[in-house]
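Chain by chain, the residues run as shown.
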Amino acid sequence: MARVLWSHAKFHQQFHRSLSSPTLRANTPVITFINHYHRSATSSNDEVIYNDPRRKSVLPGIQRIVLIRHGESLGNIDERAYVTTADWRIPLTKLGREQARQAGKKVDKLLADGGRDGKSDEKGKVFFYVSPYLRARQSLREILREVDPECIVGIREDPRIAEQQFGNFQTHQHIQDNKATRTDFGRFFYRFPDGGESGFDVYNRVSGFIGTLQRDSNQVLEMTNEPHDSVWPLSDNCPSSLEEGMTVCIVTHGLAMRLLLMRYLQYSVHEFERSHNPKNGRVVVLEYQEPGRFEMSELDRIAMGFPLYSEQERFRLMHDYSLLDKSDW
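Keep in mind the model is a prediction, meaning the values are calculated, not measured.

Undergrad: Quick rundown of the pairing of strand 5 (residues 283–289)? Include the residues and the values.
TA: For strand 5, the tally of buried residues reaches five of seven residues, placing the bulk of the element in the interior. Sheet topology note: the strand 1 (residues 62–69)/strand 5 ladder contains five bridges and is antiparallel. From the neighbouring strand, Val 66 faces strand 5, where its bridge partner is Val 285. Taken together, the four bridges between strand 5 and strand 6 (residues 293–296) define a ladder with antiparallel strand orientation. Along strand 6, the bridge assignment pairs Tyr 288 with Phe 294. The hairpin turn running from strand 5 into strand 6, its antiparallel successor, is three residues long, and Gly 292 in that turn takes a positive phi close to 80 degrees.

Encoded structure:
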């Protein structure tokens, strides 16, 4: 089975190699070369990739997803900070830095458990994604103080996991009025004026981020199955095989975290409306469960006001159509 997606770099590498191939003449049309490339891509190596049991997972090779809300920020203790400081430049407080350090210790402990199912004696590996907001970046800086550097595969900033946009500089009273209106209107669909976002907008962008997670995990899986002269060089800290299990750690914000969980775990709008942000520095873990999905612990679900797995509306709806008439949230 030929790969549906293959890199431009590999295409060109294979193309130049084919010029000396006895099976292709010098004047062979390009389309013939492409067909030849697809046939040659059906190698035993590709069969390994496509028959790999890790492909059954939506995020192959990943053992757990760790979500961390940034530590306490200046804006968390005094909303008047937003009047003179851009939201994305709001820093952590001293307590916020300590909360982030404690979160880092929890991440390091998770990695110390080794690979998938704890079968490996070596520490697990971790890849970090972080919001570009200063309070998230500073939180990651403190987290990294507690994590073994040998465990870190990479760090990537991604704007799609940033905080909901509340608009530009505003008066404190304006901020309070908008938040009160949001509570009455509904947190998911209310859009902040003056360039702000709705919860729905954030939901859409974190959905795109989840797609990136899927592509990244598939790419790493393919890299680990490539020959040593692969055009995709691996990090020195990247495991030679993802059988041990990789941890993905996402340092983000309270609302973005809830909407990411809503999208991934398929919560309804009603269930989101009843949920609430985790505390600053909270570590939420989604562990890999057979067959190929990730689940959040009951403790974390309850802490954020989300229903237990078996009680989610998507399951209850199949047995109670009257839920479609529900309007009092």
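Undergrad: Hey, could you go over helix 6 (residues 94–112) for me, with residue numbers and the actual values?
TA: With 19 residues, helix 6 extends 27 Å from end C-alpha to end C-alpha; this agrees with the ideal 27 Å at 1.5 Å per step. Turning to helix 6, its buried residues are Gly 96, Gln 99, Ala 100, Ala 103, Gly 104, Val 107, Asp 108, Leu 110 and Leu 111. Those residues of helix 6 that are buried are in contact with strand 1, strand 2 (125–130), helix 7 (134–144), strand 4 (246–252) and strand 5.

Undergrad: Give me the sheet that holds strand 5: which residues, what numbers.
TA: Through backbone hydrogen bonds, the strands of a sheet pair up, either in parallel or in antiparallel fashion. Read from one edge of the open sheet, six strands run 3-2-4-1-5-6, paired in mixed fashion. Every interior strand has two partners, whereas the edge strands, strand 3 (152–157) and strand 6, have only one. Recorded for the sheet is a direction-independent mean angle of 20 degrees between the axes of neighbouring strands. Sheet strands touched by helix 6: strand 1, strand 2, strand 4 and strand 5. Its angle to strand 1, the strand with the most contacts, is close to 175 degrees. Of the strands in this sheet, strand 1, strand 4, strand 5 and strand 6 touch helix 10 (residues 254–265), which is tilted by about 150 degrees from strand 1.

Undergrad: Account for the confidence of the model for the protein chain, with residues named and values stated.
TA: This prediction gives the protein chain a mean pLDDT of 79; 72% of its residues lie at or above 70. Of all secondary-structure elements in the protein chain, the lowest mean pLDDT belongs to helix 2 (residues 30–40), at 41, while helix 7 reaches the highest, 98. Low confidence marks residues 1–9, where pLDDT is under 50. Its contacts with residues over four positions away, or in another chain, come to 20 contacts. Counting contacts from residues 227–234, a segment whose pLDDT is below 50, to residues more than four positions away or on other chains yields 10 contacts.

Undergrad: Explain the side chain of Ser 275 to me, and be specific about the residues and the numbers.
TA: Locating Ser 275 in the fold gives a position in the loop between helix 11 (269–273) and strand 5. Taking the relative accessible area as the measure of exposure, Ser 275 reaches 7% and is therefore buried. Among the polar contacts listed, one links the side chain of Ser 275 to the side chain of Arg 258, at a separation of 2.8 Å. Leave out the neighbours within four places in its chain, and Ser 275 touches Arg 258, Met 304, Gly 305 and Phe 306.

Undergrad: Run through unusual backbone geometry, naming residues and quoting values.
TA: Trans is the common state for peptide bonds, and a negative phi is the common state for residues other than glycine. Even without glycine at this site, Asp 194 takes up a positive phi of about 60 degrees. Within the element layout of this structure, Asp 194 appears in the loop between helix 8 (172–185) and helix 9 (199–225). Phi is positive for Gln 266, close to 60 degrees, though the residue is something other than glycine. Within the element layout of this structure, Gln 266 appears in the loop between helix 10 and helix 11. Its relative accessible area of 46% is what places Gln 266 among the partly exposed residues.

Undergrad: Describe in detail the pattern of salt bridges, supporting the description with residues and values.
TA: As enumerated under the stated definition, the model contains 18 salt bridges in all. Where Glu 197 meets Arg 205, a salt bridge forms, and the shortest distance between an N and an O atom there is 2.7 Å. The structure contains a network of salt bridges with shared partners spanning Arg 97, Arg 101, Glu 142, Arg 145 and Glu 146.

Undergrad: Could you give an account of the packing of helix 6 against helix 7, with specific residues and numbers?
TA: Two elements in contact, helix 6 and helix 7, have axes whose closest approach is 7 Å; the angle formed by their N-to-C orientations is 50 degrees. As judged from the angle between their axes, helix 6 and helix 7 are oblique. In this structure, the crossing between helix 6 and helix 7 has a hand that is right-handed. Contacts between helix 6 and helix 7 pair Arg 97, Ala 100, Arg 101, Ala 103 and Gly 104 from the former with Gln 138, Ser 139, Glu 142 and Ile 143 from the latter. Here the residues of the contact of helix 6 with helix 7 are counted per class, giving three nonpolar, three polar and three charged.

Undergrad: I'd like a description of a nonpolar patch on the surface, backed by residues and values.
TA: Together, Phe 185, Phe 189 and Phe 200 make up an exposed nonpolar region whose accessible area comes to about 330 Å². Relative to the helices and strands, Phe 185 is located in helix 8.

Undergrad: How would you summarise empty space enclosed by the protein if you had to cite specific residues and measurements?
TA: The final tally for this structure, using the stated rule, is one cavity of 30 Å³ or more. The calculated volume of the largest cavity comes to roughly 50 Å³. Forming the walls of the largest cavity are Leu 59, Ile 65, Ile 210, Leu 213, Ile 250, Leu 260, Tyr 264 and Leu 286. Put simply, the parts of the chain that give the lining of the largest cavity at least two residues each are helix 9 and helix 10. Partitioning the lining of the largest cavity into residue classes produces eight nonpolar, no polar and no charged.

Undergrad: Report on the packing of aromatic side chains, specifying residues and quantitative values.
TA: A full pass over the atoms with the stated rule returns 14 aromatic pairs. Between Phe 188 and Phe 272, the ring centres sit 5.8 Å apart and the planes meet at 70 degrees, which makes this aromatic pair edge-to-face. Taken together, the positions of Phe 188 in the loop between helix 8 and helix 9 and Phe 272 in helix 11 put the pair 84 residues apart, joining distant regions of the chain. Note on Phe 188: relative accessible area 3%, which makes it buried. Ring-pair connections join several aromatic residues into one group, and the members of that group are Phe 188, Phe 189, Phe 200, Tyr 203 and Phe 272. If you follow Lys 179 out to its NZ or CZ, it ends over the ring of Phe 166, 5.6 Å from the centre.

The rules behind the values
- Residues numbered from 1 in each chain as written.
- Predicted model: local features only at pLDDT ≥ 70, side-chain atom pairs only at ≥ 80, totals over all residues.
- Heavy atoms only, no water.
- Buried < 20%, exposed > 50% of the residue type's maximum accessible area, 1.4 Å probe, protein only.
- Helix = DSSP H or I, 4+ residues; strand = E, 2+ residues; numbered from the N terminus.
- Pairing = 2+ DSSP bridges.
- Expected span 1.5 Å × (residues − 1).
- Contact = heavy atoms within 4.5 Å.
- Axes fitted to C-alpha atoms, helices over the stretch in contact; angles between N-to-C directions.
- pLDDT = per-residue confidence, 0-100.
- Polar contact = N/O pair within 3.5 Å; in protein donor to acceptor, adjacent residues only side chain to side chain.
- Salt bridge = Lys/Arg side-chain N within 4 Å of Asp/Glu carboxyl O.
- Parallel < 35°, antiparallel > 145°, perpendicular 65-115°, else oblique.
- Left-handed = near helix turned anticlockwise from the far one by under 90°.
- Nonpolar A, V, L, I, M, F, W, Y, C, P; charged D, E, K, R; others polar.
- Patch = residues over 30% accessible without salt bridge, like charges linked within 9 Å, V, L, I, M, F, W, Y side chains within 5 Å.
- Areas by Shrake-Rupley, 256 points an atom, 1.4 Å probe, with all protein chains shown as cover.
- 1 Å grid on protein atoms, 1.4 Å probe; cavity = no way out; pocket = protein on both sides within 12 Å on 5 of 7 lines; lining within 4 Å.
- Points joined across faces, edges and corners; volume = space filled by probe spheres on them.
- Phe/Tyr/Trp six-rings, centres within 6.5 Å; stacked < 30°, edge-to-face > 60°.
- Lys NZ or Arg CZ within 6 Å of the ring centre and 35° of its normal.

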